[in-house]
Amino acid sequence: MTISYNWLSEYLPEKIDPEKLSRILTSIGLEVESMEKYQSVKGGLNGLVVGEVLSCEQHPNADKLKLTTVNIGSGDPLKIVCGAPNVAVGQKVIVATAGTTIFPSSGEPLTMKIAKIRGEESFGMLCAEDELGLGESHAGIMILPKEVKVGTPASKYFSVYEDYTYEIGLTPNRMDAMSHMGVARDVCAYLTRHNNGNFKYKTPSINGFKADNNHLPFNVSVENTEAAPRYTGISISNITVTASPDWLQNKLKSIGLRPINNIVDITNFVLHETGQPLHAFDAAKISGNSIVVKNLPEGTPFITLDNKEVKLSANDLVICNTKEAMCIAGVYGGLKSGINDNTKSIFLESAYFHPSTIRKTSMRHGLRTDAAARFEKGVDISSTLYALKRAALLIKEIAGGEISSDIVDVYPLPKERVQVALKYHYLKKLSGKNYHHDAIMNVLEALGFEKIKETPDEVWVAVPLSKPDISLPADIVEEILRIDGLDNIDIPTSIHITPSIDMLSLKEDTHEKIAGFLVGQGFNEIMTNSITNSKYYSEEVLASSVKMMNSLSADLDLMRPSMLETGLECLAYNLNRKNTNLQFFEFGKTYKTSGPGKYFEEEHLALYITGKNHEDEWKEKAKQYDFFRAKGLAQSIITLCGFSNIKFVTLENEGGISFSVNKKYLGKVIEVSKGAREKFDIKSSVYFVDIDFQALVALKEKETILYKEVSRFPSVQRDLAMVVDKSIIFENIHAVIKKSNLSLLKETRLFDIFESEKLGDNKKSLAINFTFLDEQKTLTDKEIDSMINKLIQGFEKELNAEIRK
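Residues numbered from 1 in each chain as written. Predicted model: local features only at pLDDT ≥ 70, side-chain atom pairs only at ≥ 80, totals over all residues. Heavy atoms only, no water.

(A) Main features of the overall build of the protein. Regarding its fold elements, the protein presents 20 helices and 42 strands. The C-alpha atoms of the protein give 35 Å as radius of gyration, which overshoots the globular expectation for 805 residues (28 Å, by more than 25%). In terms of overall dimensions, the protein has C-alpha extents of about 115 × 85 × 60 Å along its principal axes. Restricting the contact set of the protein to residue pairs at least 6 apart, pairs at least 24 apart contribute 70%. For the protein, the centre of its 94 positive side-chain charges and the centre of its 105 negative side-chain charges are spaced 2 Å apart. (Helix = DSSP H or I, 4+ residues; strand = E, 2+ residues; numbered from the N terminus. Rg over C-alpha atoms; globule rule 2.2 N^0.38 Å. Contact = heavy atoms within 4.5 Å. Lys, Arg positive; Asp, Glu negative; His and termini not counted. Charge placed at Lys NZ, Arg CZ, Asp CG, Glu CD.)

The structure is reproduced here in structure tokens:
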């Protein structure tokens, strides 16, 4: 969930530094997974200033370039070469001076430098709309009104909005924190506990709410009160649907929402402010001025807001008028009753729908929305009326209009607050800490709990309706510990354990050995989510993949069929943050199915490589990682596990190789295709090694480890150079060597490849080193020459090689 720092700060009694606030949130269980600076214009237009063109002359060496001098309000006027056709004297323009970095609408950031363009020096650039990231037009430079003051920072002129956003890893039971006010409540409870005060979060006032008239009343009937325990609504007339004001648009954009119009934006704003979903209907489309909350027959067709038809289930709760369905309750609006530019009156809905009803409907139709995500976890039934009034007042303020009916509130069975007894000795047992009774109640009251009664041994509290997950004393202990700060849990001075004496299994031992080797090679281990996004895969792959029946989000709906895509996500995350030289490895599982009830999981070791082997140094320039780096690592890992007879086979369709031992497939090495990289916006080359770890361990279990003494006799090395066709690969050479059946040949190494026109068309020269060893005696030159000659005969016969003398 995304939280805006500026937005959150509006509800806090005091301003807290963004970094400190991040630590507080993590400490109280709202783990901040990332904190990033947000700017309404990328780069914030920093360093860009308003300038005035003082002169504009033709470039002496280029027909389409102009030589300009520009006053930027400080120092001497700048000489700037400009290619825009619309540049002219007297214009107010945006200037990027030397050293300024601009962020175009498309493409990479560009830092300005003093440059010579066709022999003339240029000390900056006059910017077009797309070069500033303010639009897509490149027809010419941006011309500002004449009254704009020279030297004004562009960020000030364009009112760039800046903020920080927190990405919070919210656990499923914390629906009370799925809003800015909910988070503010927790922060204030923390401040109350640690700053010795009584801190209350600021709640926007609704005291000015009242009906202006009763010209647009609606009848509301709830036929299924189990699925809709509370339903409230109100009508507002004479509104003007238009774009939202900047402050509202900025708040929504900062958390990743796209502004639509003032009415829809207000409902989204209140949703993320209070956690209560709202829905606005075009009042003119509600036939009979009646709202009926009910279920429709199985298979009833319904057109959603995005113009798609779904067949309703008899278990789907629907908001209807007297003729037809208008909205799938709590999940998705309908096309006919939606808000448009011509809407003049609305019926505004604020309701509580049963979590399981909304969850089943949302999953049944694959409709994952912010509203459904909150309803299915259980919203605060007591806040429906507050959210309705808050939104109505905002609509009056922003869109004009009048509240044209009394509030309708169908709430036949008011929900009782759960009561929980907490014994103080139980709190000490679970938390390991002694809390003063007053400190306990300060924390709980700050969170909205109400004390019912207290004895020397225990306290009874009523749980706020915003926390439907709390029903046990252990839940209360968790709340106290959370607000006290998870980092403040006492660590005992001694820990009593029974040490394990079991040896590592072969699988674990192999895992540790390979991990240690890769870390020594400069790799970092990653752990990615085994649940991924189905959009990454083709229909062919999806046919045998395991789909999630109850996915948490539309982006996480598939058990991964491959290790590649989740690793590419991790690479992309780092590359986007300028961490470009990456070597990752991961032990993980993939999942497949061959039909209902037939599921398979496989264990893999995956390597992901991109970038350079190190940063440039004065003594040695960095080298780009290549395919042979990946292949060498794969070979080293298999060798580390005790296998030397590795066979490589070219994979024509994947641009890589597969490898096996004793005819048992163990994995592949590929260069990731451009199409696969583009899905993650990765431009640099990526090399991927996929090892079937399960098969590797199984193969290792069958191997017998043999020991022998180091030979007392010296090995002998010989080099051989030969000219062969360019189509010959080393695997062909290795096959000839193997066919020669030389038991004293211990190692073969290719150490040079040379290509030149002098060798002939489509020819290359290979230089190979051979190592011979007889463990019983010292080899003679005659014996070595005999073996070399046998190899030469094989190369000449099988590969049509020409031996270089």
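Read on, since the account is not over.
(B) Representation of the side chain of T610 in the model. Following the sequence through the fold, T610 ends up in strand 34 (residues 598-610). Accessibility expressed as a relative area gives 0% for T610, which makes it buried. Discounting chain neighbours no more than four positions away, the residues touching T610 are L571, T580, N581, L582, Y625, S684, S685 and V686. (Buried < 20%, exposed > 50% of the residue type's maximum accessible area, 1.4 Å probe, protein only.)

(C) Region of the structure containing the pairing of strand 33 (residues 582-595). With respect to burial, strand 33 is a largely interior element, ten of its 14 residues being buried. Note: strand 29 (residues 524-525) against strand 33, two bridges, orientation parallel. In the strand pairing of strand 33, N524 is matched with F584. As paired strands, strand 33 and strand 34 are joined by 13 bridges and run antiparallel to one another. Across the sheet, F587 pairs through a bridge with L605, a residue of strand 34. Connecting strand 33 to the next strand, strand 34, in antiparallel fashion are two residues, including G597 with a positive phi near 80 degrees. (Pairing = 2+ DSSP bridges.)

(D) Spatial organisation of the packing of aromatic side chains. Tallied over the full model, the rule gives 15 aromatic pairs. For the ring pair F585 and F587, a centre distance of 6.1 Å and an interplane angle of 90 degrees mean the geometry is edge-to-face. You'll find F585 and F587 in the same group, each marked buried. Each ring, one from F648 and one from F659, has its centre 6.0 Å from the other, and the planes form 55 degrees; the classification is tilted. Of this pair, F648 sits in strand 35 (residues 646-651) while F659 is found in strand 36 (residues 656-661), placing the two residues eleven residues apart along the sequence. A relative accessible area of 2% means that F659 is categorised as buried. Among the aromatic side chains, those forming a connected cluster through ring pairs are Y5, Y164 and Y166. The side chain of R577 reaches across the aromatic face of Y573, ending 3.7 Å from its centre. The ring of F648 has K631 lying over it, and the distance from NZ or CZ to the ring centre is 4.6 Å. (Phe/Tyr/Trp six-rings, centres within 6.5 Å; stacked < 30°, edge-to-face > 60°. Lys NZ or Arg CZ within 6 Å of the ring centre and 35° of its normal.)

(E) Structural detail: the environment of L305. Tracing the backbone shows L305 in the loop between strand 18 (301-303) and strand 19 (309-311). L305 gets classed as partly exposed once you look at its relative accessible area, which sits at 48%. The spacing of L305 and M549 is 244 residues in sequence and 24 Å in space, taken between C-alpha atoms. Aside from chain neighbours lying at most four places away, what touches L305 is Y332, G333, G334, L335 and G338.

(F) Summary view of the pattern of salt bridges. On inspection of all chains with the given rule, the structure shows 35 salt bridges. The partner of E376 in a salt bridge is R368, with the nearest N and O atoms 2.9 Å apart. Classification of E376 by relative accessible area gives buried; the value is 13%. Taking the shortest distance from any N to any O, the salt bridge between K451 and E454 comes out at 3.2 Å. Taking the relative accessible area as the measure of exposure, K451 reaches 37% and is therefore partly exposed. Since its relative accessible area comes to 34%, E454 is described here as partly exposed. Among the charged side chains, a salt-bridge network with shared partners connects R174, D176, D186, K467, E479 and R482. (Salt bridge = Lys/Arg side-chain N within 4 Å of Asp/Glu carboxyl O.)

(G) Examining unusual backbone geometry more closely. Here the phi dihedral of R118 falls at roughly 55 degrees; this positive angle occurs in a residue that is not glycine. For R118, the position within the fold is in the loop between strand 9 (115-117) and strand 10 (120-122). R118 gets classed as exposed once you look at its relative accessible area, which sits at 53%. Phi angles above zero are rare outside glycine, and D681 is one such case at about 55 degrees. Structurally, the position occupied by D681 is in the loop between helix 17 (674-678) and strand 38 (686-692). With relative accessibility at 52%, the residue D681 sits in the exposed group.

(H) Structural view of the environment of G333. Its place among the elements puts G333 in strand 22 (residues 332-333). C-alpha separation for the pair G333 and L305, spaced 28 residues apart in sequence, amounts to 5.4 Å. If sequence neighbours within four positions are ignored, G333 has contacts with H279, F302, T304, L305, M326 and C327.

(I) Region of interest: the sheet that holds strand 31 (residues 546-547). If you walk across this open sheet you meet the three strands as 30-32-31, and the pairing is antiparallel. Lying at the two open borders of the sheet, with one neighbouring strand each, are strand 30 (531-532) and strand 31. Both strand 30 and strand 32 (residues 558-559) contribute to a ladder of two bridges, which runs antiparallel. Following the sheet pairing, I531 is matched in strand 32 by M559.

(J) Fine view of the nonpolar core. Grouped together as the largest cluster of nonpolar side chains are 73 residues, with contacts concentrated most on L21, L25, I263, I395 and I476. L25 has contacts with L30, E31, V32, Y166, I168, V183 and V187, leaving out every residue within four places of it along the chain. Within the second largest apolar cluster, 43 residues are counted, among which are V293, V318, F375 and L465. (Core = buried A, V, L, I, M, F, W, Y, C linked by side-chain atoms within 4.5 Å.)

(K) Layout of the pairing of strand 36. Of all six residues making up strand 36, six are buried, and the element is well covered by its neighbours. For strand 35 and strand 36, the ladder comprises six bridges, and the chain directions are antiparallel. Each residue of the ladder has a partner; that of I646, found in strand 36, is V661. What sits between strand 35 and strand 36 in their antiparallel hairpin is a turn of four residues, with G655 showing a positive phi close to 65 degrees. Examined bridge by bridge, strand 36 and strand 37 (residues 664-671) share six bridges and lie antiparallel to one another.

(L) Layout of helix 6 (residues 262-274). Here helix 6 spans 18 Å end to end across 13 residues, near enough to the 18 Å set by a 1.5 Å rise per residue. The buried fraction of helix 6 is high, at eleven of 13 residues. Turning to helix 6, its buried residues are N262, I263, D265, I266, T267, F269, V270, L271, H272, E273 and T274. The distance from a side-chain oxygen at the start of helix 6 to the backbone nitrogen of I263 is 3.1 Å, and the residue carrying that oxygen is N261. At the C-terminal side of helix 6, G275 shows a positive phi close to 90 degrees. (Expected span 1.5 Å × (residues − 1). Polar contact = N/O pair within 3.5 Å; in protein donor to acceptor, adjacent residues only side chain to side chain.)

(M) Layout of a negative patch on the surface. On the surface, E508, D509, E512 and E525 cluster together into a negatively charged patch. Looking at which element gives the most residues to the negative patch, the answer is helix 13 (residues 506-520), with three residues. In this structure, E525 sits in strand 29. Residue E525 is classed as partly exposed on the basis of its relative accessible area, which comes to 42%. (Patch = residues over 30% accessible without salt bridge, like charges linked within 9 Å, V, L, I, M, F, W, Y side chains within 5 Å. Areas by Shrake-Rupley, 256 points an atom, 1.4 Å probe, with all protein chains shown as cover.)

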